[in-house]
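Below are the chains, spelled out letter by letter.
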Amino acid sequence: MNLVLLEEADFEEAAASLASLADGAPRHVVLTGRRLLHLRTVHRAEQGRELRVGLIDGRVGSGVVETIDAERARLRVTLTEPPPAKLDFTLLLSLPRPKTLRRVLQMAATLGIPHLVLMNSWRVEKSYWKSPQLHSAALREQLLLGLEQGGDTVVPQVELQRLLVPFLRDEIEGVARGERLIAHPSATTPCPRHVDGPLTLALGPEGGFLAEEVELFERHGFTPVSLGARLLRVEQAVPALVGRLT
Ligand code: SAH
């Protein structure tokens, strides 16, 4: 946790709102649970220790530990800077198995991807759509872990699209920004490097896209691109593609 993420409800000051917290004046938060445990066991934080903190969807700054014990930590917080800029990147991800999903959600948040669409495709196992990992609280938990790693506060938007054909037919124009690419190992076009401007990238499931699906994406303006003959796992393909494209 490189950044301790704070919720409005953590603040002691009455009626702490995003607006009133934005003035950079010191405020106090009380932390319990997971974040307290992390402060004690990983940071070994003691009184006087200064930590990097950020308000969810707000600014980042510093938090000085005023008191800390097994029950609670009280920090004096000053929020002064904006969070790091996001990438202009939309990731269309065929819904992976729940364990991979958790990793990719964290990774997407850490890398600064602002918008993620979890979509269906032929080789997505139907049971994955029933996973409790798709509940909004579970999605948010993974995104926050990723933001804490990356030092960001702005929670990425995650959208579920359970039907691929209607998604592409009816909604892709409103979702896709900039250049449209679909990652497919057997594509003949090598994946470009350092593309300027907004990007939308579609990724396949563990078993890959069907040729018919790649054609469907092409009809909606997507160019199939490859990183070469090596087949990467989804959680390897995401950072490799984002690193190469941005
Ligand atoms: N057996 C599958 C591999 C799927 S890997 C196949 O042959 O297609 C899961 C997804 O990661 C792929 O659908 C693709 O979007 C992306 N990916 C993995 N390796 C890649 C590579 N070398 N080039 C482009 N995309 C890749």
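Residues numbered from 1 in each chain as written. Predicted model: local features only at pLDDT ≥ 70, side-chain atom pairs only at ≥ 80, totals over all residues. Heavy atoms only, no water.

### Quick word on the site of the ligand
A183, G204, L227, G228 and R230 are the nearest of the 18 residues found near the ligand. At a separation of 2.9 Å, a nitrogen atom of the ligand approaches a polar backbone atom of G228. One of the backbone nitrogen or oxygen atoms of L232 is found 3.0 Å away from a nitrogen atom of the ligand. When the ligand is considered free in solution it has 550 Å² of accessible area, and contact with the protein chains removes 88% of it. Per-class residue counts for the shell around the ligand are 10 nonpolar, six polar and two charged. (Near = heavy atom within 4 Å. Polar contact = N/O pair within 3.5 Å; in protein donor to acceptor, adjacent residues only side chain to side chain. Areas by Shrake-Rupley, 256 points an atom, 1.4 Å probe, with all protein chains shown as cover. Nonpolar A, V, L, I, M, F, W, Y, C, P; charged D, E, K, R; others polar.)

### Regarding the environment of P114
Looking at the secondary structure, you find P114 in the loop between α3 (98–111) and β7 (115–119). For P114, a relative accessible area of 25% corresponds to the partly exposed category. Measuring from C-alpha to C-alpha, the distance between P114 and E141 comes to 16 Å, with 27 residues separating the pair along the chain. Contacts of P114, omitting those with residues within four sequence positions, involve K86, L87, F89, P156 and Q157. (Helix = DSSP H or I, 4+ residues; strand = E, 2+ residues; numbered from the N terminus. Buried < 20%, exposed > 50% of the residue type's maximum accessible area, 1.4 Å probe, protein only. Contact = heavy atoms within 4.5 Å.)

### Quick look at the pattern of salt bridges
All told, the structure shown has 13 salt bridges when counted by the stated rule. Of the charged contacts in the structure, one is a salt bridge between R177 and D88, with a shortest N-O distance of 2.6 Å. Here R177, found in the loop between α5 (164–175) and β9 (179–183), pairs with D88, found in the loop between β5 (73–81) and β6 (89–94); they are 89 residues apart in sequence, far enough to count as distant. With a relative accessible area of 41%, R177 lands in the partly exposed category. For D88, a relative accessible area of 36% corresponds to the partly exposed category. One connected set of salt bridges, linked through shared partners, spans E12, E66, R74 and R76. (Salt bridge = Lys/Arg side-chain N within 4 Å of Asp/Glu carboxyl O.)

### Overview of the packing of α5 against helix α6 (residues 211–219)
Their axes nearest at 10 Å, the elements α5 and α6 cross at an angle of 10°. Looking at the two axes, α5 sits roughly parallel to α6. Seen from α5, the contacting residues are L164, V165 and L168; seen from α6, they are E213, L216 and F217. Of the residues that constitute the contact of α5 with α6, the class distribution is five nonpolar, no polar and one charged. (Axes fitted to C-alpha atoms, helices over the stretch in contact; angles between N-to-C directions. Parallel < 35°, antiparallel > 145°, perpendicular 65-115°, else oblique.)

### Structural notes on the packing of aromatic side chains
Overall, the coordinates contain two aromatic pairs when judged by the stated rule. Aromatic side chains F209 and F217 sit 5.5 Å apart centroid to centroid with 55° between the ring planes, which places their arrangement in the tilted category. In terms of burial, F209 and F217 fall into one category: buried. On the basis of an interplanar angle of 90° and a centroid distance of 5.1 Å, the ring pair of F217 and F222 is categorised as edge-to-face. Taken as a pair, F217 and F222 share a single burial class, namely buried. Ring pairing ties together the aromatic residues F209, F217 and F222, which thus form one cluster. (Phe/Tyr/Trp six-rings, centres within 6.5 Å; stacked < 30°, edge-to-face > 60°.)

### Description of the sheet that holds β9
Pairing is parallel across the open sheet formed by six strands, whose spatial order is β8-β7-β6-β10-β9-β11. With partners counted over all chains shown, the strands left at the sheet margins are β8 (157–161) and β11 (223–225), one partner each. For this sheet, the mean angle separating the axes of adjacent strands, direction not counted, is 25°. Relative to strand β10 (residues 199–203), β6 runs parallel, the two sharing five bridges. The residue bridging L92 from the neighbouring strand is A202, located in β10. (Pairing = 2+ DSSP bridges.)

### Concerning the side chain of H184
Relative to the assigned elements, H184 resides in the loop between β9 and β10. Note on H184: relative accessible area 15%, which makes it buried. Discounting chain neighbours no more than four positions away, the residues touching H184 are F209, V214, V225 and S226.

### Focus: the domain arrangement of the chain
Size of an interface, as often reported, equals the accessible area lost when the parts are brought together. Along its sequence, the chain is carved into domain 1 (4–81) and domain 2 (89–245). When each unit is reduced to the centre of its C-alpha atoms, the spacing between domain 1 and domain 2 is 33 Å. Each partner contributes residues to the interface: domain 1 has 10 residues there, and domain 2 has 10 residues. With both chains or domains summed, domain 1 and domain 2 bury close to 740 Å², and 54% of this area falls on carbon and sulfur atoms. On the domain 1 side of the interface with domain 2, the three residues burying the most area are L5, R34 and D57, jointly 61% of the side's total. Inspection of the region where domain 1 meets domain 2 yields two salt bridges. One salt bridge in this structure joins R34 and E148, with 3.0 Å as the shortest N-O distance. Where domain 1 meets domain 2, there are four residue pairs in polar contact (both at pLDDT 80 or more). Residues belonging to the side of domain 1 that touches domain 2 are distributed by class as follows: four nonpolar, two polar and four charged. (Domains from an automatic or database assignment. Buried area = accessible area lost by both parts, 1.4 Å probe.)

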